[in-house]
Amino acid sequence: MSSKRIPRVGIGGPVGSGKTMLIEQVVPLLYLKGYKVGIISNDVVSREDADRMRRNLATEKGLMAEDLVIGLATGGCPHTAVREDPSMNISVVEEMESKHDYLDLIIIESGGDNITTTFSPALADYFIYIIDVSGGDKYPRKRGLGIETCDLLVINKIDIAPSVGADLTVMDRDAKTVRGNKPYVFVNSRTGQGVNEVAENIIRDVLFEETPKALVKH
Amino acid sequence: MNTNYDPQAEEINILQLSDSFFPTGMYTTSSGLEALFYSENKIKNPDELRTLITVYLEHQIGPADCTALGVSYGCIEMADINELIKVDRTIYSMKLIEEVRNASVRSGTQLLRCVNYFLPGNEFITKFQEAIKENKASGVYPVALAVASQSLGISKYNSGITLLYTFIVSIIGAALRLGMIQHLDGQKLIHELKPSILATVAKNINRPLSSIWQFTPGIDIFQIAHELMPSKMFIT
C-alpha cells in the first residue's frame, strides 16, 4: 500500500492508434523539464510495448530506470483492466508508488481497445484518448465514451491524412462539436509535431505546474 | 470479530463475493492454462480440462488454500491477528511460482480494500490491512477472503465454497477466452465440478495448519513455463 498518491495519466485508444509512440515522445519532453515518470503498459497479448519503451526510454536514452517500465497482461480484457476492475493495475501502481516515491507522474497505457474505453478515476486522474486519421475523418463525430469524456483527445498520424482520404478540417470541426470546451490536439507522433502541446496539458492540468520533486530544495 | 452479522444477508453476500464482476482481477489469471495452450500438451476437450481442474482442487487449492482459509476463520474468531499472520506467511510461502504468488497477493489486497470500502470500520479488516502495510503479512487471497467473508457474516464452509468456485470460474473463463472450450461447455463444466467442490471443501476446511500440503509438480512446471513466456495474454 502506498503512502502518497503520485499523479496518474491514463492513455487509451484503439489498436495501432499510437499510444506507445505518444508516450515515447511525451516522456523525454517531461524529462527535459525535470519530471520523473514511471510507465505501466497494459498489453493485450504480449509485452512488446513495454519492452520497446524500456529499451527506448530507459536502456538507450537513460531517461528512467529500467524497472520503471512495467508490462501488465489483461487476460484479453483491456477495457476491463482500466475501468470495471482495475484492481491489478491499482496494485501495480501502488507498488511503484511505494518503491519510487520520488516520481512526479505515472503513465498507464491501456491495451488497444474500442471507442467505449474510459479509465476509472480510481486508477487515473487524467485520461488521454488517442485516435488516428486512418480510421477515417468520421472518427470524432462517431463519438463514443473515450472521444467524448476524455480530458484530452489526441488525433494522431496527421501526416498520412491525404493518403487515407481523411479531411483534417472535417475532423477539427467535428472534434470541436463533440468535445465542446474540452481540449483536443492534432499530432504526428512519428515526428513529434504537436506532442509538446500534450506535454503542456499534462504539466498544467495534472502536475499543476509544480516544481519537479528532484528540483525541490529541502 | 464480525459485528455486522446478518443471517438474512449471508446468501447475497456470497453471491457478491463469488461474482466474476467483483473486482479482484481474477479474469487476468489462467493458472498456467495459457502455457499449456501453447505447449505440446494441449487440452483437447472439456473432459481433459475437468480432469486438470480436479487435480488443482484436490491436490492444491483444497489441501493448501482451503485449509488456510479454514484456519484463518479460527484465528479471526479468537481475535488472534498474530496467528492469522502466521497462516498468511505459511500459504504465501507455499505459492512456489512468483507470478502466481504476486497475483494472489494483488487479488487479496484489492478484495480487502473493496470490502473495507462498502463495510468500513471492521476491526479485523483494519488490523489485517495494517499488518500488510507494515509488511508483516502479504494479504494473500485465501486469507484475505477469510477476513472479508467473515466480516460479511459468511460461514467458514460457505467461504470455502466461494474460494473454490471463484477459482474454477477464473480458470474456465481463461479456457473460454483461449478458445479451448465453448460457452456452453464452460457452464457444463462448472455444473459437473460441483460435487468435487463440495467434497474438497468438506475434506479440507477443518484441518489444522500443521496438516497443510500440496503436490502438483506437473502444474508447477507449466506455471513456470508461463512465467518464462515472452508473450502472453494472462498474468499467470
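Owing to the predicted nature of the structure, the values given are computational and were not obtained by experimental measurement.

Draft legend 1. How the structure looks around helix H2 (residues 48–60) of chain A. All names here are of chain A. Residue Arg54 marks the point of greatest curvature in H2, where the axis turns by about 30°. For H2, the set of buried residues is Asp49, Ala50, Met53, Asn56, Leu57 and Ala58. Structurally, H2 contributes buried residues whose contacts are with helix H1 (19–32), strand E2 (37–43), strand E3 (69–73) and strand E4 (105–109).

Draft legend 2. Structural context of the interface of chain A and chain B. Each partner contributes residues to the interface: chain A has 22 residues there, and chain B has 22 residues. Inspection of the chain A/chain B interface yields two salt bridges. Glu94 of chain A serves as the salt-bridge partner of Arg113 of chain B, at 2.4 Å between the closest nitrogen and oxygen. On the surface where chain A and chain B come into contact, there are twelve residue pairs in polar contact (both at pLDDT 80 or more). Broken down by secondary-structure element, the contributors of at least two residues to the side of chain A that touches chain B are E3, helix H3 (78–82) and helix H4 (87–99) of chain A. Element by element, the count of residues in the side of chain A that touches chain B is highest for H4 of chain A, at seven residues.

Draft legend 3. Main features of the packing of aromatic side chains. As enumerated under the stated definition, the model contains five aromatic pairs over all chains in all. Ring centres of Phe37 of chain B and Tyr38 of chain B lie 4.9 Å apart, and the angle between their planes is 85°; this geometry places the pair in the edge-to-face category. The exposed category is assigned to Tyr38 of chain B, whose relative accessible area is 54%. One aromatic cluster is present, built from ring pairs that chain together Phe119, Phe127 and Tyr129 of chain A. The ring centre of Phe37 of chain B lies 5.1 Å from the NZ or CZ of Lys42 of chain B, which sits over that ring. When the ring centre of Tyr92 of chain B is taken as origin, the NZ or CZ atom of Arg101 of chain B, which lies over that ring, is 5.9 Å away.

Rules and cut-offs
Residues numbered from 1 in each chain as written. Chains lettered and ligands numbered in written order. Predicted model: local features only at pLDDT ≥ 70, side-chain atom pairs only at ≥ 80, totals over all residues. Heavy atoms only, no water. Bend = angle between axes of the 7 residues up to and from the residue. Helix = DSSP H or I, 4+ residues; strand = E, 2+ residues; numbered from the N terminus. Buried < 20%, exposed > 50% of the residue type's maximum accessible area, 1.4 Å probe, protein only. Contact = heavy atoms within 4.5 Å. Salt bridge = Lys/Arg side-chain N within 4 Å of Asp/Glu carboxyl O. Polar contact = N/O pair within 3.5 Å; in protein donor to acceptor, adjacent residues only side chain to side chain. Phe/Tyr/Trp six-rings, centres within 6.5 Å; stacked < 30°, edge-to-face > 60°. Lys NZ or Arg CZ within 6 Å of the ring centre and 35° of its normal.

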